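Listed here are the chains, written in short residue letters.
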Amino acid sequence: MKTIGVIIARFQSPYLHEGHKALVDSVQKNHNKTVIVLGVSPVLGSRKNPLDFHTREKMIKKEYPEVVVLPLSDHPLDTKWSQNLDNLLSNSFPGSSFKLFGSRDSFIKYYSGHCEVVELPESGPNNATLIRERISDKVLDSEEFRTGVIYAYSNTYLKVYPTVDIAVFRNNKIEMLLGKKEIDNKWRLLGGFSDPTDESFEAAARRELTEECGAIEITEMKYEKSFRVNDWRYQSEADKIITSLFSTDFISGNPAGSDDIAEVKWFKLDEIQSMMDQQFTAEEHIPQLSLLMKKYNTK
């Protein structure tokens with residue numbers, strides 16, 4: 001019984017580079033049947049895994065039409081992933097034996113299954129990550145390129161973008177700090193988008209507050225409620241914004257508008273209610289301000 005050569009890889013590049021080809025050629029040289037198992041990320045489209053299984057399968061098949069290409073989903077447990085790999089191969093090729101091939105930095109250190117494993121030396125300076133970085137801002141004038149961009153955006157999960165809004169109070173919650181943007185000249189709560197580097201939404205709120213009004217001293221952030229935001233930028237998009245509203249008490253400092261905030265100013269809560277009625281506040285902040293008025297404007 002002949003042993004099937006199996007390459008475990010991701011091939012997340014726009015073409016098969018010389019390292020890929022050297023790997024496939026070396027396995028084909030010693031095996032009558034070659035199988036490539038492609039790792040499939042649970043994330044639908046990302047910077048690290050931009051190409052789906054079928055796109056990579058077509059790329060491989062164009063160069064190596066006789067190679068069998070199979071998908072294998074990622075798994076958080078290495079032992080379970082190894083078991084899934086063994087089952088995939090044995091179910092696809094009953095009664096066969098397998099030899100798994102990969103480079104030093106590939107699947108080998110995670111695999112604990114029953115198949116023989118062979119570590120192949122690196123072939124040249126080729127690296128899919130560096131290739132993706134090099135072409136990430138390259139624009140091509142072709143129908144195929146534009147079709148690919150549309151395909152990529154159409155084959156990702158719909159997203160909710162998290163933002164934070166902050167109600168900064170002073171004088172025993174008699175006054176609140178609001179900011180104004182030049183884009184609409186309306187008063188609004190300070191805040192903005194959460195970043196992947198933020199440890200929490202509370203941390204995002206503190207960062208945004210510092211960016212938009214300077215390094216003021218405040219108390220701990222208190223979570224109030226979350227809201228779906230009717231942001232003008234996403235009104236016609238499938239993706240949406242959900243914001244987390246926090247409140248805090250001002251201790252000291254000199255707030256001044258910065259970043260995209262042209263001006264900041266303290267207002268009494270009674271004034272804010274009147275401003276809302278006269279449409280002097282941003283429409284997308286009306287639900288948050290209404291909750292704050294109901295809860296804290298007790299006069």
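What this report covers is the structure whose coordinates are included nearby. (Residues numbered from 1 in each chain as written. Predicted model: local features only at pLDDT ≥ 70, side-chain atom pairs only at ≥ 80, totals over all residues. Heavy atoms only, no water.)

What follows deals with the sheet that holds strand β5 (residues 116-119). Across the sheet, five strands lie side by side as β3-β2-β1-β4-β5; this open sheet has parallel pairing. At either end of the open sheet lies a strand with only one pairing partner, and these are β3 (68-73) and β5. Across the sheet, the mean angle from the axis of one strand to that of its neighbour is 30°, orientation sign disregarded. Pairing of strand β1 (residues 3-9) with strand β2 (residues 34-40), which is carried by five bridges, proceeds in the parallel orientation. Bridged to Ala9 within β2 is Leu38. Relative to the sheet, helix α1 (residues 18-30) contacts β1, β2 and β4 (97-102), its axis offset from that of β1 by approximately 170°. Each of β1, β2, β3 and β4 is contacted by helix α3 (residues 78-92), which is oriented at about 150° to β3, the strand it contacts most. (Pairing = 2+ DSSP bridges. Helix = DSSP H or I, 4+ residues; strand = E, 2+ residues; numbered from the N terminus. Axes fitted to C-alpha atoms, helices over the stretch in contact; angles between N-to-C directions. Contact = heavy atoms within 4.5 Å.)

Under the counting rule described, the total for this entry stands at 15 salt bridges. Arg188 serves as the salt-bridge partner of Asp184, at 2.4 Å between the closest nitrogen and oxygen. Given a relative accessible area of 5%, Arg188 falls into the buried group. A salt bridge links Arg207 to Asp198; the nearest nitrogen and oxygen atoms lie 2.9 Å apart. Taken as a pair, Arg207 and Asp198 share a single burial class, namely buried. Residues joined by salt bridges that share partners form a network here, namely Asp195, Asp198, Arg207, Glu208 and Glu211. (Salt bridge = Lys/Arg side-chain N within 4 Å of Asp/Glu carboxyl O. Buried < 20%, exposed > 50% of the residue type's maximum accessible area, 1.4 Å probe, protein only.)

Counting across every chain of the model gives nine aromatic pairs. Centroid distance Phe169 to Tyr296: 4.9 Å. Interplanar angle 55°. Geometry classified as tilted. One end of the pair, Phe169, is in strand β6 (residues 160-170); the other, Tyr296, is in helix α8 (residues 286-296), with 127 residues separating them in the sequence. Exposure class is identical for Phe169 and Tyr296. Each is buried. Ring centres 4.8 Å apart and planes at 70° place the aromatic pair Trp187 and Phe267 in the edge-to-face group. Remark: Phe267 occurs in strand β13 (residues 263-268) and Trp187 occurs in strand β8 (residues 187-188); sequence separation between them is 80 residues. Taken individually, Trp187 and Phe267 each receive the classification buried, so the pair is uniform in this respect. Each member of the aromatic cluster is reached from another via a ring pair, and the members are Trp81, Phe107 and Tyr111. (Phe/Tyr/Trp six-rings, centres within 6.5 Å; stacked < 30°, edge-to-face > 60°.)

Let us look at unusual backbone geometry. In this structure, Asn171 is a non-glycine residue whose phi angle is positive, near 55°. Here Asn171 is to be found in the loop between β6 and β7 (175-180). A positive phi angle, close to 60°, is found at Gln279, a residue other than glycine. By secondary structure assignment, the location of Gln279 is in the loop between α7 (269-277) and α8.

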